Amino acid sequence: AQSVTQPDIHITVSEGASLELRCNYSYGATPYLFWYVQSPGQGLQLLLKYFSGDTLVQGIKGFEAEFKRSQSSFNLRKPSVHWSDAAEYFCAVAATSGTYKYIFGTGTRLKVLA
Amino acid sequence: DSGVTQTPKHLITATGQRVTLRCSPRSGDLSVYWYQQSLDQGLQFLIQYYNGEERAKGNILERFSAQQFPDLHSELNLSSLELGDSALYFCASSVATGGSGSYEQYFGPGTRLTVT
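Quick look at the structure, then. (Residues numbered from 1 in each chain as written. Chains lettered and ligands numbered in written order. Predicted model: local features only at pLDDT ≥ 70, side-chain atom pairs only at ≥ 80, totals over all residues. Heavy atoms only, no water.)

Side note on the environment of A:Arg22
Residue and element names in this part refer to chain A. This is how it is decided: Helical segments are the DSSP runs of H or I of at least four residues, strand segments are the runs of E of at least two, and each set is numbered from the N terminus. Each residue is assigned to one of three classes by its accessible area relative to the maximum for its type, calculated with a 1.4 Å probe on protein chains only: buried under 20%, partly exposed between the two thresholds, exposed over 50%. Any pair of N or O atoms that falls within 3.5 Å is considered a polar contact. Within protein, one atom must be able to donate a hydrogen and the other to accept it, and sequence-neighbouring residues count only if both atoms are side-chain atoms.
Of note, Arg22 is situated in the loop between β3 (19-21) and β4 (24-26). Its relative accessible area of 38% is what places Arg22 among the partly exposed residues. Each C-alpha atom of the pair Arg22 and Thr5 lies 8.3 Å from the other, and the pair is 17 residues apart in sequence. At 2.9 Å, the side chain of Arg22 forms a polar contact with the side chain of Asp8.

Thoughts on the packing of aromatic side chains
Where we set the bar: Aromatic rings from Phe, Tyr and Trp, with only the six-membered ring used for Trp, were paired whenever their centres fell within 6.5 Å, and each pair was classed as stacked if the ring planes differed by under 30 degrees, edge-to-face if by over 60, and tilted otherwise. Distance and angle both matter: a charge sits over a ring if NZ of Lys or CZ of Arg is within 6 Å of the ring centre and within 35 degrees of the ring normal.
According to the stated counting rule, one finds 21 aromatic pairs over all chains in the structure shown. Aromatic side chains B:Tyr35 and B:Phe107 sit 5.5 Å apart centroid to centroid with 40° between the ring planes, which places their arrangement in the tilted category. One end of the pair, B:Tyr35, is in strand β4 (residues 31-38); the other, B:Phe107, is in strand β10 (residues 106-107), and 72 residues separate them in sequence. As far as burial versus exposure is concerned, B:Tyr35 and B:Phe107 are alike and both buried. Here a set of aromatic residues connected by ring pairs shows up, and it is made of A:Tyr32, A:Phe34, A:Tyr36, A:Phe51, A:Phe90, A:Tyr102, A:Phe104, B:Tyr33, B:Tyr35, B:Phe45, B:Phe90 and B:Phe107. Its guanidinium or amino end placed over the ring of B:Tyr106, B:Arg26 lies 3.6 Å from that ring's centre, counting from NZ or CZ. The cationic tip of B:Arg55 hangs over the ring face of B:Tyr50; the distance from NZ or CZ to the ring centre is 4.5 Å.

Considering the layout of surface pockets
Empty pockets left among the atoms are what a rolling probe the size of a water molecule brings to light. Let me state the cut-off plainly: A cavity, in this analysis, means grid points on a 1 Å lattice covering only the protein atoms where a 1.4 Å probe fits yet has no way out; a pocket is instead an open set bounded by protein on both sides within 12 Å along at least five of seven lines, and a residue lines either one if it has an atom within 4 Å of a point. Grid points are joined across faces, edges and corners, and a volume is the space filled by probe spheres set on the points.
Its boundaries defined by the atoms lining it, the largest pocket holds a volume of some 690 Å³. Along the wall of the largest pocket there are 30 residues; nearest its centre are B:Gln37, B:Ser38, B:Gln41, B:Gly42 and B:Leu43. Counting residues per element, the ones that place at least two in the lining of the largest pocket are β10 (87-94) and β11 (102-104) of chain A together with β4, β5 (42-50), β9 (87-94) and β11 (111-115) of chain B. Looking at which element gives the most residues to the lining of the largest pocket, the answer is β5(B), with four residues.

Here we look at the pattern of salt bridges
Residues and elements named next belong to chain A. Note the following rule: Only one rule defines a salt bridge in this text: a Lys or Arg side-chain nitrogen within 4 Å of an Asp or Glu carboxyl oxygen.
One pass over the full model with this rule turns up nine salt bridges over all chains. Among the salt bridges present, the one from Glu66 reaches Arg77, with a minimum N-O distance of 3.1 Å. On the criterion of sequence distance, the pair formed by Glu66 in strand β8 (residues 64-68) and Arg77 in strand β9 (residues 73-78) is long-range, its members being eleven residues apart. Given a relative accessible area of 22%, Arg77 falls into the partly exposed group. The residue Arg109 makes a salt bridge to Glu88 at a minimum N-O spacing of 2.9 Å. Note that Arg109 is positioned in strand β12 (residues 108-113) and Glu88 in strand β10, a separation of 21 residues in sequence. The exposure class assigned to Arg109 is partly exposed, which follows from its relative accessible area of 41%. Among the residues examined, Glu88 registers a relative accessible area of 13% and is labelled buried. One salt-bridge network, held together by shared partners, links Glu64, Glu66 and Arg77.

Describing the sheet that holds strand β1 (residues 5-7) of chain B
Residues and elements named next belong to chain B. Inclusion rule: One bridge is not enough; two strands pair if DSSP finds at least two bridges between them. Think of each axis as a best-fit line through the C-alpha atoms, taken over the contacting stretch in the case of a helix, with angles from 0 to 180 degrees between the N-to-C directions.
Taken together, the four strands give an open sheet; going across it, the order is β1-β3-β8-β7, and neighbouring strands pair in antiparallel fashion. Strand pairing shows two members of the sheet lacking a second neighbour, β1 and β7 (64-68), which therefore form its edges. The average angle at which neighbouring strand axes cross in this sheet is 15°, direction not considered. Here strand β3 (residues 19-24) runs beside strand β8 (residues 74-78); their pairing, made up of five bridges, is antiparallel.

A look at the interface of chain A and chain B
To keep things clear, this is the line we draw: Here, residues are in contact when the closest pair of their heavy atoms is within 4.5 Å. Two parts placed together each lose some accessible area under a 1.4 Å probe, and the buried area is that loss summed for both.
Each partner contributes residues to the interface: chain A has 20 residues there, and chain B has 20 residues. Taking both partners together, chain A and chain B bury about 1700 Å²; carbon and sulfur atoms supply 62% of that area. Among the residues chain A hides against chain B, the three largest losses belong to A:Leu44, A:Tyr100 and A:Tyr102. Together they make up 35% of the total. One can count one salt bridge joining chain A with chain B.

Without other data, these values stay purely geometric and don't point to any function.
See below:
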């Protein structure tokens, strides 16, 4: 069965430090992968997506993610975190068999220290 | 702004009651998805409609039902509400007509349901 694991429930970084949020997926075929961000009291905003091709994908707000098939991972990175990046981040994989529903990870809550 | 609208933003109701959540997809999107976000279950897929027809079902309780109307807006009906139904309910939409663009979902701001 498809699944997504985000091993880190909480991460705290200092403003200006680099960030890496981990995501591992379980899926039989080539996955379609996504990272979304949810600010407090807000909906989900798409940061970036991977469908195929270049394994390093660029997203909005300076985020990037790298797809590594051998490790079944799709980790999100940012070289320098801003205080406004404090939010919850969700990794998701899209089903490709007849429906396009998402399976989400449990989320990683990011705290940024000034 | 994703282009997906949901009403109401907040809903407070009592146990045993019935509520209806409404979603209007982005212009041109044929598919609507409903997700529930709760502290203990995380983000869970409930149900998907495509052009008025049910396409897929997830962890949706029998007390819950949904439909998509000819103008493509969708409603999620929750009945015999229990305390555990308190959650944030998201609607998302996508083109879903085939091709990689079908997989990109745009989420509404959500409806926060509190059952007391």
